[in-house]
Structures are given as C-alpha cells and as structure tokens.
Amino acid sequence: MNYFMGNSLWRLVSQSDTVSKAVLIILLLLSIVCWTIFLFKIIVLHLKCKQLAQAHHELESVRTVDQLLIVASKQHGTIAGYYLSRIMVFLKILLESRTDHMQKGILQESEWDVLQRQIAQALDIVMSYEESYVSWLSTSAAVAPLLGLFGTIWGLVHAFMSISELQTADIATVAPGIAEALITTLAGLMLAIPALVMFNIVQRYLRTMEDHLHYIEDHVTFVLQKMVQDTK
C-alpha cells in the first residue's frame, strides 16, 4: 500500500503513538501562532511604514520648531505623530521647568543632552513595541526541526522495538513504523521553513521603519540644535 496517497498520510498520524501525536499537536499550535503573528505584523508594519514615509517627506522642508509642531499635528494618530509628540512634549516640559533667569525658549547645553537622550529613548520604545512577538517566528524556526527530530527518534525506537518483538525485518514490517516516525520531521520542516521566511520579511519591514525613525530623529535634532547654537 502506498502510504503517501489519498488519506494515507492522515492514517499515519492517527496510528502514531501518544508522544508523536503530542509533538504534532505542538507543531500545529506553533504554526497557527506563527501565521497569526506574521499576518498581523505584516499588515500593521506595511501601514506604519507608509505613514513614516509620508512624515519623512513632510519633514524635508521643516526648518523651525513651529513647523515641527505642524507636522506632528498633521501626523496625529500615526506612529510618526506619536514619536514627534513625545519629543515635543518633553521639550515643552524642559522649557516650562526652567528658572526665571534663564532665557525663555532657548535650550542650555545640559538640557540639550537630556533632550537627546529622551529622543533616543523614545525611538527605542517605539521599536521595542513593534518588535514584540517577532521572536516567536525565529524561535519556532529554530525549535521546530528539533521537535520533529525528537518525534522521529522516538518513533524509530518504537519501530525497532516492534521489529524485535515480531522477529522479522522485511520491508512490509519496517516501512509503516519508519513512515510514522518520519512524519514528525516532515511536520517540523513544514513549520520551520515558512517561519524563517516570515521572520526575514518582518525584519525587513522593521529595518525600513527604523531607518525612517532615524531620519526623523536626525532632522528633529538638526532643527532643535539651533536652539543651542543661539546661546553661544
């Protein structure tokens, strides 16, 4: 009988022992998790990359803090608007917490250093949030083949024990047991290969997003640096 035609593949699964079935169930659940994360991330990251590209384009002509505020207002509700708003809010807090003898609206050197750290921290917070759950893809790609191999070895042990009990090693006796054992390796590879591809695609979107955020950071720094230069 050909074990790989019709519903024979399902028959192999149903005839597997408890451990092999447990491995297959774990691989199935991991596959569902990976596809869910991938589809969600790819849709969200594609939208956010478009938002950042638009903000990138609008910031090219910005030269003053007032213009930065206008862009942040236009980008309200987007990731670019959130990032710019965090920077503007902290800048406002810095300026409002100053003593009366300091020149209003102009940053001191020490304040500028604090602001730069806050800008970098805001970028890290955004990227950390966007990278959440992505590790599931890389972990699944690494673990799935090992789980499949574990299931295969377990199945082979039982297959050889059956051969020993039956006192025969002809192909008709050996083939079904080996086929049942190898089904977990097949399942592991069917999860690992797509998961690795998914991880690389998501990483490409994340790197694109990070590039846009770094441009925004650099341009905001350029505009705000003028406030420091005015004090010299």
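In this text the structure is predicted, and so the values were computed from the model without any measurement.

1. Points about the overall build of the chain
At step 1: In terms of regular secondary structure, the chain is built from 7 helices and 0 strands.
At step 2: The secondary structure elements of the chain, listed N-terminal to C-terminal, are α-α-α-α-α-α-α.
At step 3: Here the chain, with 232 residues, has 38% of them falling under the buried criterion.
At step 4: Taking the contacts inside the chain whose residues are at least 6 apart along the sequence as the reference set, 81% of them involve residues at least 24 apart.
At step 5: Of the roughly 13,500 Å² of accessible surface on the chain, a fraction of 65% belongs to carbon and sulfur atoms.

2. Some points on the pattern of salt bridges
At step 1: Counted by the stated rule, this structure contains 3 salt bridges.
At step 2: A salt bridge links Arg-207 to Glu-210; the nearest nitrogen and oxygen atoms lie 3.0 Å apart. In this pair, Arg-207 and Glu-210 are both assigned in helix α7 (residues 171–229), 3 residues apart and thus about one turn of the helix distant.
At step 3: Each of Glu-131, Arg-207 and Glu-210 takes part in a single network of salt bridges with overlapping partners.

3. Topic: the confidence of the model for the chain
At step 1: Mean pLDDT over the chain works out to 81, with 80% of the residues at or above the 70 mark.
At step 2: Looking over the chain, one finds the lowest element-wise mean pLDDT in helix α1 (residues 8–15), namely 67, and the highest in helix α2 (residues 18–59), namely 92.
At step 3: Contacts for the low-pLDDT stretch residues 1–6, under 50 throughout, to residues beyond four places or in other chains number 9 contacts.

How each quantity is defined
- Residues numbered from 1 in each chain as written.
- Predicted model: local features only at pLDDT ≥ 70, side-chain atom pairs only at ≥ 80, totals over all residues.
- Heavy atoms only, no water.
- Helix = DSSP H or I, 4+ residues; strand = E, 2+ residues; numbered from the N terminus.
- Buried < 20%, exposed > 50% of the residue type's maximum accessible area, 1.4 Å probe, protein only.
- Contact = heavy atoms within 4.5 Å.
- Areas by Shrake-Rupley, 256 points an atom, 1.4 Å probe, with all protein chains shown as cover.
- Salt bridge = Lys/Arg side-chain N within 4 Å of Asp/Glu carboxyl O.
- pLDDT = per-residue confidence, 0-100.

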